Amino acid sequence: MAVLDITKLKPGMVTADDIKSERGKIIFEKGITLDGSTISRLRFYGIEEVDIDDASIVRTDTSFSDAKALEEFLYTPDESADEDDSKIKFETNEHGIRTAKLSSPTGKKMHRSLGEAIDDDEEVKPAYQQSVRQNPKFHEFQMDYAFALSEVQTLFSKIMFGKEPVYQDEMQAILDRLFKSDFTTLQTFDMLHNMSSSTEDPIYAHCLNVALISRFLGRWLKFSMSDQICLGICGLMHDIGKLDVPTEILNKPGKLTEDELSIVRRHPINGFHRLKNLDIDPRIKKAALMHHERCDGMGYPYKRSGTEVHAFAQIVAIADVYDATTTRRSYRNALCPFQIIESFEKEGISRYDTQFLMTFLENIAETYKDNRVILNDGRSADIAILNKSRYSKPVIRFFDGSFLDLAQTPDIWIQSVL
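Just so it is clear, the structure is predicted and the values come from calculations on it, not from any experiment. (Residues numbered from 1 in each chain as written. Predicted model: local features only at pLDDT ≥ 70, side-chain atom pairs only at ≥ 80, totals over all residues. Heavy atoms only, no water.)

As for the overall build of the protein chain
Consideration 1: Regarding its fold elements, the protein chain presents 15 helices and eleven strands.
Consideration 2: Looking at the protein chain as a whole, 50% of its 418 residues are labelled buried.
Consideration 3: The long-range share in the protein chain, meaning contacts at least 24 apart out of those at least 6 apart in sequence, stands at 66%.
Consideration 4: Total accessible area computed for the protein chain in this model is approximately 20400 Å², and 48% of it derives from carbon and sulfur atoms. (Helix = DSSP H or I, 4+ residues; strand = E, 2+ residues; numbered from the N terminus. Buried < 20%, exposed > 50% of the residue type's maximum accessible area, 1.4 Å probe, protein only. Contact = heavy atoms within 4.5 Å. Areas by Shrake-Rupley, 256 points an atom, 1.4 Å probe, with all protein chains shown as cover.)

Here's what the structure looks like:
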């Protein structure tokens, strides 16, 4: 029998004794095989240690040539991390969920609550995206984005062929091009939302998008500027391992076979091997290797859980899923952002760090405020007010001035954003 800290538990381990709450209530009996759901429940009850059957302890995957060296690398504290500036300040909202303490980049209130009155002089505006696309800054952003995509391709080629030295400054310069000092966070996100999806080079566009989203999330979490920059680079490099996956598998329209799925799921390992010898921040390498791990231990390639998954990898994971599902691909259409927000609300609490996830959802929903949407019943409206308890179900305003709280109408939902 081994006594393991809650952070060391893995799906498949078997309890060697009854697990009881502080009041003595049996939560799980001896002999229960743990899975992601049971481990999450143990965390909920505040269990810190669990007696585990020795024979069920899953040993470290040895697909790396030196598993011990990998372990030491993954769990060595990051010397380059800022100890003071990057600490997150959290607050508990009215629903008992801890979120990062936020403020608008402009100093204004980020959104209204349901109890606030709407000014009588507010007008129903034209479709919000129309005004974004007509903004001269949007055309400037388009050009910078296209140039950045070309730079990403060049950078990845250098890393893949390994014939030229690659420096972290090159990676940072690509992202700095898209972070204009006179663009607010919401302006830049508006522009990113309105970019046409790239179907010719989806890997490069996806990595660039995840880089931008990750860096924004670092800003929303009040990370130091150096950590925000590092987060952006983590997002930029997270999927470089997919260049080792055959294109016919990546773009396959149907369901992948077990062998094909196995090849795809090796891309974090492939990416780590591509980056491991580069003189770059170790957190970038960890994010590449661990961005498909999940807090409940149900991710891959090593089924890490909880704090075993590096914080930067957890942040990149959220940005990765959001962009992957809201961007059109050759084999499927993009999903509506509010469908993704709802999926995060329903299933994400156990899979992702709650603090990171709730901060992301609050801010990403804010970027769609005022956008015109199409409902599943065919009607169109504008997003008027955000519901703090359910960001996927805002209050919408019809063109006749009437309002509808989607949180109170389960049969009506946002089908698409115009």
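Details of the packing of aromatic side chains
Consideration 1: Summed over the entire model, instances satisfying the criterion amount to nine aromatic pairs.
Consideration 2: Ring geometry for F223 and F312: centres 5.9 Å apart, planes at 20°, overall stacked. Note that F223 is positioned in the loop between α7 (202-220) and α8 (225-237) and F312 in helix α13 (residues 311-326), a separation of 89 residues in sequence. Across the pair, F312 and F223 agree in class, each one buried. (Phe/Tyr/Trp six-rings, centres within 6.5 Å; stacked < 30°, edge-to-face > 60°.)

Regarding the state of the cysteines
Such a bond, covalent and formed between the sulfur atoms of two cysteines, is termed a disulfide.
Consideration 1: Evaluated as defined, the whole model comprises zero disulfides.
Consideration 2: With no disulfide partner, C230 has as its closest neighbouring cysteine sulfur the one in C234, 4.3 Å distant.
Consideration 3: Relative accessible area serves as the criterion here: at 2%, C230 is assigned to the buried category.
Consideration 4: A relative accessible area of 0% places C234 in the buried class. (Disulfide = S-S within 2.5 Å.)

Structural notes on the nonpolar core
Consideration 1: One finds M171, L208, M237 and F360 to be the most contacted residues of the largest nonpolar core, which totals 84 residues.
Consideration 2: With twelve residues, the single largest contributor to this core is α7.
Consideration 3: Not counting residues within four places of it along the chain, the set of residues in contact with M237 comprises L155, F156, I159, M171, L275, I284 and A288. (Core = buried A, V, L, I, M, F, W, Y, C linked by side-chain atoms within 4.5 Å.)

Digging into the sheet that holds strand β11 (residues 414-417)
Note: strands within a sheet are paired through backbone hydrogen bonds, in either parallel or antiparallel orientation.
Consideration 1: In spatial order, the strands read β10-β9-β8-β7-β11; together these five strands make up an open sheet with antiparallel pairing. The sheet terminates laterally at β10 (403-405) and β11, the two strands that pair on one side only. Adjacent strand axes in the sheet meet at a mean angle of 40° when their direction is disregarded. (Pairing = 2+ DSSP bridges. Axes fitted to C-alpha atoms, helices over the stretch in contact; angles between N-to-C directions.)

Focus on the pairing of strand β4 (residues 49-52)
Consideration 1: Taking every second residue as pointing to the same face, the buried face of β4 carries V50 and I52, while none of E49 and D51 on the other face is buried.
Consideration 2: Bridging between strand β1 (residues 2-5) and β4 involves four bridges; their strand directions are antiparallel. Within β4, the residue paired with D5 across the bridge is E49.

Section: a negative patch on the surface
Consideration 1: A surface patch of like charges, here negative, comprises D5, E22, E48 and E49.
Consideration 2: Topologically, E48 is positioned in the loop between α1 (36-44) and β4.
Consideration 3: A relative accessible area of 61% places E48 in the exposed class. (Patch = residues over 30% accessible without salt bridge, like charges linked within 9 Å, V, L, I, M, F, W, Y side chains within 5 Å. Salt bridge = Lys/Arg side-chain N within 4 Å of Asp/Glu carboxyl O. Lys, Arg positive; Asp, Glu negative; His and termini not counted. Charge placed at Lys NZ, Arg CZ, Asp CG, Glu CD.)

Concerning α7
Consideration 1: End to end, α7 covers 26 Å across 19 residues, agreeing with the expected 27 Å (1.5 Å per residue, within 8%).
Consideration 2: α7 sits mainly inside the fold: 18 of its 19 residues count as buried.
Consideration 3: Two residues or fewer after α7 comes K222, characterised by a positive phi angle close to 65°. (Expected span 1.5 Å × (residues − 1).)

Quick look at the environment of R372
Consideration 1: One can find R372 in strand β7 (residues 372-375).
Consideration 2: You can call R372 buried: its relative accessible area is 15%.
Consideration 3: Of note is the side chain of R372, whose polar atom sits 3.1 Å from the side chain of D382. (Polar contact = N/O pair within 3.5 Å; in protein donor to acceptor, adjacent residues only side chain to side chain.)

As for the pattern of salt bridges
Consideration 1: The final tally for this structure, using the stated rule, is 14 salt bridges.
Consideration 2: One salt bridge connects R177 with E151, and the closest N-O pair in it is separated by 3.6 Å. Here R177, found in the loop between α5 (168-176) and α6 (185-193), pairs with E151, found in helix α4 (residues 136-161); they are 26 residues apart in sequence, far enough to count as distant.
Consideration 3: Overall, the relative accessible area of 28% leaves R177 in the partly exposed class.
Consideration 4: The salt bridge partner of E260 is K252, with a shortest N-O separation of 2.8 Å.
Consideration 5: What makes E260 buried here is its relative accessible area of 18%.
Consideration 6: Its relative accessible area of 24% is what places K252 among the partly exposed residues.
Consideration 7: Within this structure, D144, E151 and R177 form a network of salt bridges that share partners.

As for the packing of helix α12 (residues 282-290) against α13
Angle between the axes and distance between the axes: these two values describe a pair of packed helices.
Consideration 1: Where α12 meets α13, the closest approach of the two axes is 8 Å, and the angle between their N-to-C directions is 50°. Classified by the interaxial angle, the pair formed by α12 and α13 is oblique. Relative to α13, the crossing made by α12 is right-handed. Packed against α12, whose contacting residues are R283, K286, A287 and M290, the element α13 presents F312, A313 and V316 at the interface.
Consideration 2: Here the contact of α12 with α13 is built from residues that sort into five nonpolar, no polar and two charged. (Parallel < 35°, antiparallel > 145°, perpendicular 65-115°, else oblique. Left-handed = near helix turned anticlockwise from the far one by under 90°. Nonpolar A, V, L, I, M, F, W, Y, C, P; charged D, E, K, R; others polar.)

Focus: the environment of E151
Consideration 1: Given a relative accessible area of 24%, E151 falls into the partly exposed group.
Consideration 2: For E151 and M171, which are 20 residues apart along the polypeptide, the C-alpha to C-alpha distance reads 9.1 Å.
Consideration 3: Once residues lying within four places of it in the same chain are set aside, the contact partners of E151 are I174 and R177.

On their own, these measurements won't tell you what the molecule is for.
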